[in-house]
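# Structural overview
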Amino acid sequence: MLFSQGLLLLLCQLTSAPPGSTLLLCHASSGATCWYLNSCKFVQNVNFFFFDYYIAVVKKGSTFSSHYFLIFCLLTKQKDKLILQRKNVATWYVCGPTVYDSAHLGHARTNVQFDIIRRILTNIFEIDIIQVLNITDIDDKIIAKAAKEGISMAEVSRKYEHEFFNDMAALNVLPPTFVPHVTDNIDTIIQYIDRIMKKRCAYATPSGSVYFNVSASPHYGKLHSKESLTTESIDSEKQNPLDFVLWKAVKPGEPFWESPWGKGRPGWHIECSAMASKIFGDKIDIHSGGEDLIFPHHENEIAQSEAHYGCDQWVNYWLHTGHVYLSQQNEKMSKSLQNVILISDFLKSYTSDQFRMLCMLTHYRNRMAYQDNVLVAVTSLLQQLESYLQNSEAYIKGHLKCKSISEAEVFSRLERTKTEVKIALADDFNTPKAMKNILELVQFLNSQLSTSKENIICSRSPVSVAAASLYIKNIFKILGINLGQQENSLESSFLQHQMSCVLDSSLKFRNEVRQFIFDPPKDLSFGTDYEKLTSKEQKKKKFQIFQPLLKSSDNLRKEYSSANIQVMYLILLSTDNANNVELTKKMRHFYVAFNLLSPPEVYLESNN
C-alpha cells in the first residue's frame, strides 16, 4: 500500500492528529498492516496503521480499546469491530463439559485456546471478562455410565468434573467466574421453557415431552446454512423433523423432576440458554465452544433464546475453535473414533507450555494438527527461547562478551515488535502472526548477543537488552507461558477448585438442613405411642423420620470424596484408656497429613 507524502500529510491535517499519535484506517476483513514513518519528519513520528474503511486517531500514551478490535463474527461471516454492552467489560458464556468421562486433547485445545483469548482481552486490551462455564451433570451418557459402574449419577458427574478442573489447572487455564450445574437449575429451566410455551413457540406431546417449533423461528439457520441443516433425531411426536426437545418425558429407570408437562428432565440445548440467561440476562457479548457445537447446539440455543426474549440477537459474537486432527490419519480426534489422547496421558510426556505454544502457533478458528514431530519442533522452539533469556541474563550481568550493541536499534526493533504484536492480537486474536513477530525479534536479539573472540572494547547496552528480555518474558506470561521461571500453579489451582467444591457442597447441605427444620415434611411425627416403643423401635422410628437429613449427609460425604477429601467417622473415646488418647493424637495427625485446613475436634468422654 503506497501513499504519497502529500496524502499522508493531508490525512494528518484532516484528523488533526497530534505528534506521537496513531492513525488507523480501519477495514474489517483485510487485516492489519503496519506503516512506519519515522523518517518522515513532516508528520513528527505519527504511526499509521492501515485497515481501510474509516479513520480513527489514538493519541500518544493511550491504549487500543475494543473500538479498534476486530473479531470474526459467525453471524456476518466476516471480521467486525468488537462492540461491548458495557465499557471494558465483556460477558462470556462457554459451553462446558458433559462430565461422564475423562477429558482429552480436543477439550484441551478448546479450553486453552479460549484461555489465551481471555488473557489477551484482559491483560493487553484491559477488558474485564465475566466468564461462565457450565457443567452438564445430567445426560444419557452419565446415566449409562452410572448404571455400568453401579454408582449414582452424582458420583459419576462429581468425579469427572473434579478431574476436568484438575486437568485445566495442569494446563494453566484460568478458572471461570461462575460454574453453574444443570441439576442446580432445574426450576430455572422449567420456567424458561414455560415462557417459550406461552409464546406459542413450543408444544407438548402426549408422552409429556416438549419440543421447540422451528417453524416459529423465522431466522433459524443463522450460524449454519439452511441447506445443510439436518434433523437432530427421528421422533414420531415431532411436528417438524428439525424440531428439537426442550423437556424429555421420563423413561423407566431414569431420574426425573416434576414439571407442568409431567415427569422428565431437560433437553441438552435448553440448559445452556437458561443458565446463561439466569446470570447475564437477555444479552451476551460472547458465546463459545468447539466448531462441532455450531449445529445443532448453538443454532438451537439462538432459536429458543430469541423466542424466549422476543429479540433478534441474543449473542453478539460466537467463537468456535477448530478440531484437533491426527495429521497422519487426517481424522478428527473423537471418542466415537476411539482415537483420543487423554490430557492426563499427554502431560506424562509433554508439558502444558508445549501444548499452549502449539495452540498459539495455530489460529483458533483453524484445525490443529497433532503429531509427534510437530511437538518436537515446539519443544525445540521453547528451548531456543529459554536459551535466549539465559544469554540475555548473562550479558546483563557482564558474563557474556559480544560485539557492540546499538541501543537505539534494539529499542527501535522492540517498539516496532510491541506494536506489531498488538495489531496482530487485535486482528481476531492472530496469535500465529504475533508469534512470528516475537520470534523475529528474538532472532535479531540473538544475533546481537553472538559471542565475539576479538579483544576489542565493545560498547555495552544492558538496559536495552534487559528491556527486550523483560518484554519477551512478560508477553509470554500474559499468554500463559512462564519462560525462565519454574512457577507451577497446578497445586494452587487444584486447591482453589477443591475449596470451591467444599464450600458449594457445605452450603448445599446447610440449605437442606435449614429447609428440613423450617419447612419439615408434612408427615413428620413420632406418633403418640412413641414412648411405649422399645429402644430398638424408637431408634428405627428416628431413622425413618430423619432419613432426608441422613441422605443429605451421605451426599455431602460423596461430594467431598469426589474432590479427594475423605470424611471419617469418629467414635467417642474414653479418657481412662491411654491407648485411646494415643489413637486420638494419631487421628489428628492423619487429618493434617491430608492437607485439610484443620483437624476435626475429637471429643473424649470422661467417666467423671
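Just so you know, these numbers come straight off a predicted model, no measurement behind them. (Residues numbered from 1 in each chain as written. Predicted model: local features only at pLDDT ≥ 70, side-chain atom pairs only at ≥ 80, totals over all residues. Heavy atoms only, no water.)

### Examining the overall build of the chain
Helix and strand counts for the chain come out as 17 helices and 19 strands. Counting all 608 residues of the chain, 47% fall into the buried class. Expressed as a percentage of contacts within the chain between residues at least 6 apart in sequence, the contacts between residues at least 24 apart total 77%. Summed over all atoms, the accessible surface of the chain reaches about 31200 Å², with 52% contributed by carbon and sulfur. (Helix = DSSP H or I, 4+ residues; strand = E, 2+ residues; numbered from the N terminus. Buried < 20%, exposed > 50% of the residue type's maximum accessible area, 1.4 Å probe, protein only. Contact = heavy atoms within 4.5 Å. Areas by Shrake-Rupley, 256 points an atom, 1.4 Å probe, with all protein chains shown as cover.)

### What to know about the packing of aromatic side chains
Per the stated rule, a full pass over the model turns up 13 aromatic pairs. Relative to W318, the ring of W314 has its centre 6.4 Å away and its plane inclined at 55°; by these criteria the two rings are tilted. Given the relative accessible area of 0%, W314 is considered buried. Ring plane angle 75° and centroid distance 5.5 Å describe the contact between F346 and F355, whose orientation is recorded as edge-to-face. (Phe/Tyr/Trp six-rings, centres within 6.5 Å; stacked < 30°, edge-to-face > 60°.)

### Some thoughts on the sheet that holds strand β16 (residues 331–332)
In space, the three strands of this open sheet follow the order β16-β15-β17, with mixed pairing throughout. Two strands lie at the open edges of the sheet, namely β16 and β17 (368–370), each paired on one side alone. Judged from the three bridges that link them, strand β15 (residues 324–326) and β17 form a sheet pairing that is parallel. Along β17, the bridge assignment pairs Y325 with A369. (Pairing = 2+ DSSP bridges.)

### Concerning a nonpolar patch on the surface
On the surface, F543, F546 and L550 cluster together into a nonpolar patch covering about 260 Å² of accessible area. In this fold, F543 is placed in helix α15 (residues 535–545). Residue classification places F543 among the partly exposed positions, given a relative accessible area of 49%. (Patch = residues over 30% accessible without salt bridge, like charges linked within 9 Å, V, L, I, M, F, W, Y side chains within 5 Å. Salt bridge = Lys/Arg side-chain N within 4 Å of Asp/Glu carboxyl O.)

### Points about helix α13 (residues 462–478)
End to end, α13 covers 24 Å across 17 residues, agreeing with the expected 24 Å (1.5 Å per residue, within 8%). Of the surrounding elements, those touching the buried residues of α13 are α2 (105–124), α9 (352–360), α10 (372–396), α11 (407–426) and α12 (431–448). Following α13 by one or two positions, G480 adopts a phi angle in the positive range, close to 105°. (Expected span 1.5 Å × (residues − 1).)

### Re the packing of helix α6 (residues 268–280) against helix α7 (residues 294–309)
For the pair α6 and α7, the least separation of the axes is 9 Å and the interaxial angle reads 55°. Accordingly, the angle class assigned to the pair α6 and α7 is oblique. Pair α6 / α7 crosses with right-handed handedness. When α6 is examined against α7, the residues W268, H269, I270, C272, S273 and S277 are found in contact with a partner set consisting of P296, H297, N300, E301, Q304, S305 and Y309. Looking at the contact of α6 with α7, its residues break down into five nonpolar, seven polar and one charged. (Axes fitted to C-alpha atoms, helices over the stretch in contact; angles between N-to-C directions. Parallel < 35°, antiparallel > 145°, perpendicular 65-115°, else oblique. Left-handed = near helix turned anticlockwise from the far one by under 90°. Nonpolar A, V, L, I, M, F, W, Y, C, P; charged D, E, K, R; others polar.)

### Remarks on the pattern of salt bridges
Evaluation of the coordinates by the stated rule reveals 16 salt bridges. A salt bridge links K79 to D427; its shortest N-O distance comes to 2.9 Å. Remark: D427 occurs in the loop between α11 and α12 and K79 occurs in strand β6 (residues 78–81); sequence separation between them is 348 residues. Of the residues examined, K79 reaches a relative accessible area of 17% and is grouped as buried. One salt bridge in this structure joins D345 and K348, with 3.3 Å as the shortest N-O distance. Residue D345 and its partner K348 are both found in helix α8 (residues 343–349); the two are separated by three residues, about one turn of the helix.

### Describing helix α4 (residues 153–170)
With 18 residues, α4 should cover 26 Å at 1.5 Å per step; its first-to-last C-alpha distance of 26 Å lies within 8% of that length. Where α4 is concerned, the buried positions are V156, S157, R158, Y160, E161, H162, F164, F165, D167, M168 and A169. Two residues or fewer past α4, N172 is found with a positive phi of approximately 60°.

### What about the sheet that holds strand β8 (residues 128–133)?
Strand order across the open sheet formed by four strands is β8-β7-β13-β14, with parallel pairing between neighbours. Where the open sheet ends on each side, the last strands, each with one partner, are β8 and β14 (315–321). Ignoring strand direction, the axes of neighbouring strands in this sheet form an average angle of 25°. By the bridge criterion, six bridges tie strand β7 (residues 89–94) to β8 in an arrangement that is parallel. Bridging from a neighbouring strand, Y93 pairs with V132 of β8.

### Focus: unusual backbone geometry
Looking along the chain, the bond that leaves F295 and enters P296 is cis, with omega of 10°. As for its position among the elements, P296 is in helix α7. In this structure, K77 takes a positive phi of about 60° despite not being glycine. By the secondary structure assignment, K77 is in the loop between β5 (70–73) and β6. Accessibility expressed as a relative area gives 46% for K77, which makes it partly exposed. In the Ramachandran plot, Q338 falls in the positive-phi region, its phi being about 55° despite a non-glycine side chain. Summarising the element assignment, Q338 is placed in the loop between β16 and α8.

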